[in-house]
4 protein chains.
Amino acid sequence: MRHKDDKKNQAICDAAIELITANGFADTSMSKIAKTANVSPATIYVYFENKENLLNKIYLFVKQEMSSEILKGVDQNLSVEKAFKMIWNNYYQYAIKNPVRFAFTEQFANSPMVDRICKNESSTYFKPMLDLFNRGKEEKVFKDISLEIFTAFTFAPLTGLIKEHFSGALVLDEKMLETTYKIAWDAVTN
Amino acid sequence: MRHKDDKKNQAICDAAIELITANGFADTSMSKIAKTANVSPATIYVYFENKENLLNKIYLFVKQEMSSEILKGVDQNLSVEKAFKMIWNNYYQYAIKNPVRFAFTEQFANSPMVDRICKNESSTYFKPMLDLFNRGKEEKVFKDISLEIFTAFTFAPLTGLIKEHFSGALVLDEKMLETTYKIAWDAVTN
Amino acid sequence: MRHKDDKKNQAICDAAIELITANGFADTSMSKIAKTANVSPATIYVYFENKENLLNKIYLFVKQEMSSEILKGVDQNLSVEKAFKMIWNNYYQYAIKNPVRFAFTEQFANSPMVDRICKNESSTYFKPMLDLFNRGKEEKVFKDISLEIFTAFTFAPLTGLIKEHFSGALVLDEKMLETTYKIAWDAVTN
Amino acid sequence: MRHKDDKKNQAICDAAIELITANGFADTSMSKIAKTANVSPATIYVYFENKENLLNKIYLFVKQEMSSEILKGVDQNLSVEKAFKMIWNNYYQYAIKNPVRFAFTEQFANSPMVDRICKNESSTYFKPMLDLFNRGKEEKVFKDISLEIFTAFTFAPLTGLIKEHFSGALVLDEKMLETTYKIAWDAVTN
DNA sequence: TATGAATGAGGGTTCATTCAT
DNA sequence: TATGAATGAACCCTCATTCAT
């Protein structure tokens, strides 16, 4: 009996992420994914139940990878400020180093295509970030605002700028990044 | 020769916006648009060259409508602060009153589908907003930051919160809106 | 606007009947039907909702045609004996003259593929036959047996012999037919 | 060298008969048969050359089993009448006790799928029945008719009624069975 | 202008079968 | 022998678009 080939699985995932990011989910056919992954269309169905399941699994996979990169080096002993800055920078670094994966997650961040269960599970990966937010509020470092507003003034602006950076409308250099960080930090801290 | 029927044109646009917003561009077939608009599929091709052209024209149309709503009441005589607040609130009002159109524009804001020319043209509609931004910088009201950073801390946060409001993850009430505005204003002003 | 082309409809039906009879429903693809009918596969969907609907419509059509042929010349004024003989002979004639259509209906006579509604409707076409059976019983010409037993000894034997005739296992000549008729008549009459 | 596992062979046959009877030959995939038989799809090809060969072998197997059941207790010493009645009843009993196998054989009785050789071979299993028929004619018990007509008025009616019994359109009780037998006997005897 | 008919290309998916272990 | 992985071909069906009126 043949073993399940991990390289094939990876090739399919990579092809799917690349194509979906470039052309969108609906315009990415299973055939095209197969062709890009150098695999028969039928082979995809050995690893994934169907197209939607493929999307969900890949989304979870990328989110997990992303979260582990972003939370790298963060632990309870760090001060709120240092921990937050580290996460913020890690997020930026991940996006810059993995532009395709970053674009992929952004495409489905607010999409109904990725089902709710899948999204909930993915949000658990980021629990340490939530803990930090709560600790910051307890320590009166952060303003007494909701998580959504907090995110809206910290990660949302960065995300927006990174997107424009990738689109070529903007060059997000070191200095701009620092400016942005400073404004964000001031916006949500007392 | 008969004139092109403006009602038919409008019906097609409305149908397209509704269906695209609900199901996405790729899952919205010309036949379905035709059926929803009570028109033959072939008739759509009397008004639009093809599907992509339909999307572009509709995108421009909605952007134009949106900009005229958002800039309503804004003129040079208003102080920077008053003008900005007015625009910010108008934007919120437009989104709340036109959830479908708002969702429609958001869907394509970062999409490769709407071609570059189309996007550039659409940004000209918001020139008064750009003028205001420059005036604010000249008057030293706004910080000396780029337009992109300015937007990232003013409209981007609001857009994010509105999306979460529509998704049901959040209730964006009067008080939260004020809090958000205050943080945004403080973030970009000296 | 183009008119719906009745020749195309007919060509599709003929092709479907022929292919389904020869190869069975499951082994008859829409593409093959299209090719045989000299039509695009998509065109079939202009006339039929889907493959199953195609089968149902064709089944009804053939049954209707068949019943009108079989009941031709039969009316209330004929004696039970003469009317029955006429129907019996008409049935034989129809089968011999329309071997493909005969085989087609036989293939689906006891099949769950043709849905119940469709079958019920088709059985109404043969109501005159049922009336004759009841009249025969009232007049004490026929034995006091159920319709099913009646059919089992009149049409079922003939059907079986016709099938063997077509399969080449048998030559169903005039004399054999008369013998069969006589046995059938004696079997169900007092 | 390991022996071929007879239990696996049997499991595959049972699964195939069940699925084919329930869903038809074309809608029964090798994978589904494998799954139902708790076996790998590839294993089926150890026992059968391909799908068609699987069908033929199973058909022969069931026919053989059926014939041995039907001819059980029949021998040369019995009178023609007693022997015939025994066979007729055995046939009915077999059908009632093995509805799936009965339905299976019926499905392919007039199908082009089971190839000619296969059918011929299967008919040899019933040779004792043929002998009885010839003896009955010699003894002037049976009318001087062909085997086909004989079958058409003895087994064909019973088969038809059993089918309707299974389809639920009819309840074939003891009394009805007797009536049917009597008519059949009278139809083919002097 | 306006239309329903018509279509080739392509969609996702399943299939019988073979491969490699 | 026995298997799960792997596959090209084929499945039904929908699509954006054009045709003919």
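See the structure above.
These remarks concern the structure in this document. If you're wondering where the values come from, they're calculated on a predicted model, not measured in any experiment.

### Quick look at helix α6 (residues 99-109) of chain A
Residue and element names in this part refer to chain A.
In step 1: Where α6 is concerned, the buried positions are R101, F102, F104, T105 and F108. Along α6, the residues classed as buried sweep out an arc of 160° about the axis, all on the same side.
In step 2: Among the structural elements, α1 (6-23), α4 (51-70), α5 (80-97), α7 (116-124) and α9 (147-167) are those in contact with the buried residues of α6.

### A few points about the packing of helix α5 (residues 80-97) of chain D against helix α8 (residues 127-138) of chain D
All names here are of chain D.
In step 1: The geometry of α5 relative to α8 is characterised by a closest axis approach of 10 Å and an angle of 145° between their N-to-C directions. For the element pair α5 and α8, the recorded crossing hand is left-handed. Each of V80, A83, F84 and I87 in α5 lies in contact with α8, whose residues at this interface are M129, L132, R135 and G136.
In step 2: Among the residues making up the contact of α5 with α8, the classes are represented as six nonpolar, one polar and one charged.

### Some details on unusual backbone geometry
In step 1: Of note, B:N38 is a non-glycine position whose phi angle comes to about 55°, a positive value.
In step 2: Mapped onto the elements, B:N38 comes out in the loop between α2 (30-36) and α3 (41-47).

### A few points about the pattern of salt bridges
Any two side chains of opposite charge can pair, so long as their charged atoms come close to each other.
In step 1: The tally for this structure, following the rule as stated, stands at 33 salt bridges over all chains.
In step 2: Notably, a salt bridge pairs A:R135 with A:E139, separated by 3.4 Å at the nearest N-O pair.
In step 3: Put simply, B:K163 and B:E106 hold a salt bridge, and the shortest N to O gap is 3.0 Å. Taken together, the residues B:K163 in helix α9 (residues 147-167) and B:E106 in helix α6 (residues 99-109) connect sequence positions 57 residues apart.
In step 4: What you see here is one network of salt bridges that share partners, running through A:D14, A:E65 and A:R101.

### A closer look at the protein's contact with DNA strand F
In step 1: With respect to spatial proximity, 37 residues lie near DNA strand F, and among them A:T43, A:Y47, C:M1, D:A42 and D:T43 are the closest.
In step 2: Of all atoms in DNA strand F that approach within 4 Å of the protein, 66% are sugar or phosphate atoms.
In step 3: Contact between DNA strand F and C:K51: a phosphate oxygen at 2.9 Å from a side-chain N or O atom of the residue.
In step 4: Here a base nitrogen of DNA strand F sits 2.7 Å away from a polar atom, N or O, in the side chain of D:S40.

### Here we look at the protein's contact with DNA strand E
In step 1: In the neighbourhood of DNA strand E, 38 residues make up the surrounding shell, with A:M1, B:A42, B:T43, B:Y47 and C:T43 lying closest.
In step 2: When atoms of DNA strand E within 4 Å of the protein are split into backbone and base, the sugar-phosphate part holds 66%.
In step 3: C:Y47 has a polar side-chain atom sitting 2.5 Å from a phosphate oxygen of DNA strand E.
In step 4: Elements with a minimum of two residues in the surface near DNA strand E: α2 (30-36) and α3 (41-47) of chain A, α3 of chain B, α3 (41-47) of chain C together with α2 (30-36) and α3 (41-47) of chain D.
In step 5: In terms of residue count, α3(C) provides more of the surface near DNA strand E than any other element does, four residues in total.
In step 6: Here the residues of the surface near DNA strand E sort into 13 nonpolar, twelve polar and 13 charged.

Here is what the cut-offs are and how they apply
- Residues numbered from 1 in each chain as written.
- Chains lettered and ligands numbered in written order.
- Predicted model: local features only at pLDDT ≥ 70, side-chain atom pairs only at ≥ 80, totals over all residues.
- Heavy atoms only, no water.
- Buried < 20%, exposed > 50% of the residue type's maximum accessible area, 1.4 Å probe, protein only.
- Helix = DSSP H or I, 4+ residues; strand = E, 2+ residues; numbered from the N terminus.
- Arc of directions from axis to C-beta.
- Contact = heavy atoms within 4.5 Å.
- Axes fitted to C-alpha atoms, helices over the stretch in contact; angles between N-to-C directions.
- Left-handed = near helix turned anticlockwise from the far one by under 90°.
- Nonpolar A, V, L, I, M, F, W, Y, C, P; charged D, E, K, R; others polar.
- Salt bridge = Lys/Arg side-chain N within 4 Å of Asp/Glu carboxyl O.
- Near = heavy atom within 4 Å.
- Polar contact = N/O pair within 3.5 Å; in protein donor to acceptor, adjacent residues only side chain to side chain.

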